[in-house]
Amino acid sequence: MARIIVVTSGKGGVGKTTSSAAISTGLAQRGYKTAVVDFDVGLRNLDLIMGVERRVVYDFVNVINDEAKLGQALIRDKRVENLYVLPASQTRDKDALTQEGVGKVLGQFAEDGFDYVICDSPAGIERGAQLAMYFADEAIVVSNPEVSSVRDSDRMLGILSSKSRRAEQDDEPIREHLLITRYQPERVDLGEMLSVEDVLEILSVPLLGVIPESEAVLQASNAGVPVIMESGSDAGQAYDDAVARLLGEERELRFVDARKKGFFSRLLGK
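Counting restarts for each chain, with residues numbered from 1 along the sequence as it is written. Totals for whole chains, interfaces and linings use all residues, but because this is a predicted model, local features are given only for residues with pLDDT of at least 70 and pairs of side-chain atoms are given and counted only at 80 or more. Note: side-chain values were computed over all heavy atoms of the structure, leaving out hydrogens and water.

Novice: Sorry if this is basic, but what is going on with empty space enclosed by the protein here?
Specialist: Empty pockets left among the atoms are what a rolling probe the size of a water molecule brings to light. Grid points spaced at 1 Å and placed over the protein atoms alone form the basis of the search, with a cavity being a set where a 1.4 Å probe fits but cannot get out and a pocket an open set showing protein on both sides within 12 Å along at least five of seven lines. Lining residues have an atom within 4 Å of a point. Grid points are joined across faces, edges and corners, and a volume is the space filled by probe spheres set on the points. In this structure the tally under the stated criterion is 1 cavity of 30 Å³ or more. Its boundaries defined by the atoms lining it, the largest cavity holds a volume of some 40 Å³. Taken together, G209, V210, A238, D241, R245, L253, R254 and F255 make up the lining of the largest cavity. Every helix listed is a DSSP run of H or I at least four residues long, and every strand listed is a run of E at least two residues long, numbered separately from the N terminus. Contributing elements (two or more residues each) for the lining of the largest cavity: β8 (207–212) and α12 (234–246). By residue number, the principal contributor to the lining of the largest cavity is α12, which donates 3 residues. Gly is put with the polar residues, along with every residue not named as nonpolar or charged; the nonpolar set is Ala, Val, Leu, Ile, Met, Phe, Trp, Tyr, Cys and Pro, and the charged set is Asp, Glu, Lys and Arg. Its residues assigned to classes, the lining of the largest cavity shows 4 nonpolar, 1 polar and 3 charged.

Here you go:
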């Protein structure tokens with residue numbers, strides 16, 4: 001049975017698609033057959049970050065409308081075995097996603113032997129986001145350490161607990177995780193940004209990981225490479241830690257303390 005994980009947030013621009021690409025890649029690198037699905041109909045950014053934009057022939061909506069088979073629309077990653085991308089449509093309206101259609105496609109992943117399906121949700125509570133959350137077994141709520149982002153994430157947690165299929169069927173609740181992105185310990189020390197402890201106190205969700213603000217994220221995105229593959233970068237290592245925790249492994253939290261200045265840096269006031 002494929003495990004369906006939605007990556008969601010209330011606020012845009014927090015790094016959901018970057019996180020979806022990194023987490024799905026990390027799972028595939030560990031040998032799990034994994035698909036990452038773009039639910040953002042009309043925009044479609046996932047294929048760019050995954051570096052497969054030129055290989056898109058059919059999309060998610062084509063499969064829903066029986067205009068293509070799932071196997072025709074899935075794009076197999078050339079770098080990581082067991083990793084597949086299902087792009088969104090750029091030309092359709094968000095209403096093209098229906099509950100019945102999305103459920104049918106997600107069910108096909110299970111029939112095709114997938115272990116994980118990562119659903120890259122649009123921000124907010126529009127239709128694509130609601131459907132991505134509805135079928136989820138687990139949810140990764142992505143938040144920046146800022147008051148507005150955390151507040152919106154809290155709202156998404158409320159929707160996850162009340163409007164999912166699991167909630168409707170009085171089944172076991174969606175397993176929730178918190179992923180804090182764009183974290184800058186130096187700004188936390190200056191009081192310009194919420195600390196990890198502040199965010200956890202507000203949201204009360206198990207912490208999956210903390211991703212530092214890093215130039216590597218933008219560089220990887222521009223190159224069409226999931227940043228987790230940049231194993232020498234701080235962001236790549238932080239995402240690898242998050243995937244390990246998702247699979248039940250214990251990892252020490254890194255990149256959450258400000259770097260101590262050396263003697264010459266202090267002397268020069270840097």
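Novice: Would you mind going over the packing of aromatic side chains with me for this structure?
Specialist: One pair of aromatic rings is described through two measures. These are the centre distance and the angle between the planes. Centres within 6.5 Å make a pair out of two Phe, Tyr or Trp rings, where for Trp the six-membered ring is used; the pair is then stacked when the planes are under 30 degrees apart, edge-to-face when over 60, and tilted otherwise. This model, assessed by the stated rule, comprises 5 aromatic pairs. Where Y84 meets F114, the ring centres are 5.3 Å apart and the plane angle is 75 degrees; that geometry is what we call edge-to-face. Separated by 30 residues along the polypeptide, Y84 in strand β4 (residues 83–86) and F114 in the loop between α5 (99–111) and β5 (116–120) bring together distant segments of the chain. Accessible area is worked out with a 1.4 Å probe on protein chains only. A residue is then buried under 20% of its type maximum, exposed over 50%, and partly exposed in between. When its relative accessible area of 14% is taken as the criterion, Y84 is described as buried. When the centroid spacing of 4.9 Å and the interplanar angle of 85 degrees are considered together, the rings of Y134 and F135 count as edge-to-face. You'll find Y134 and F135 in the same group, each marked buried. Feature note: the residues Y84, F109 and F114 constitute an aromatic cluster, connected by ring pairs. For the cation-ring pair, K33 lies above F114, with the distance from its terminal atom to the ring centre recorded as 4.5 Å. Any Lys NZ or Arg CZ that is within 6 Å of a ring centre and within 35 degrees of that ring's normal is treated as a charge sitting over the ring.

Novice: I tried to follow helix α11 (residues 215–223) on my own but got confused; where do I start?
Specialist: For the α-helix, the turn length of 3.6 residues means that residues three or four positions removed from each other point alike. What qualifies as a polar contact is a pair of N or O atoms within 3.5 Å, subject to a donor-acceptor requirement within protein and to the restriction that residues adjacent in sequence count only when both atoms come from side chains. At the N-terminal end of α11, a side-chain oxygen is found 3.1 Å from the backbone nitrogen of A216, two or three residues along, and the residue is S214. Phi turns positive one or two residues past the end of α11, at G224, with a value near 70 degrees.

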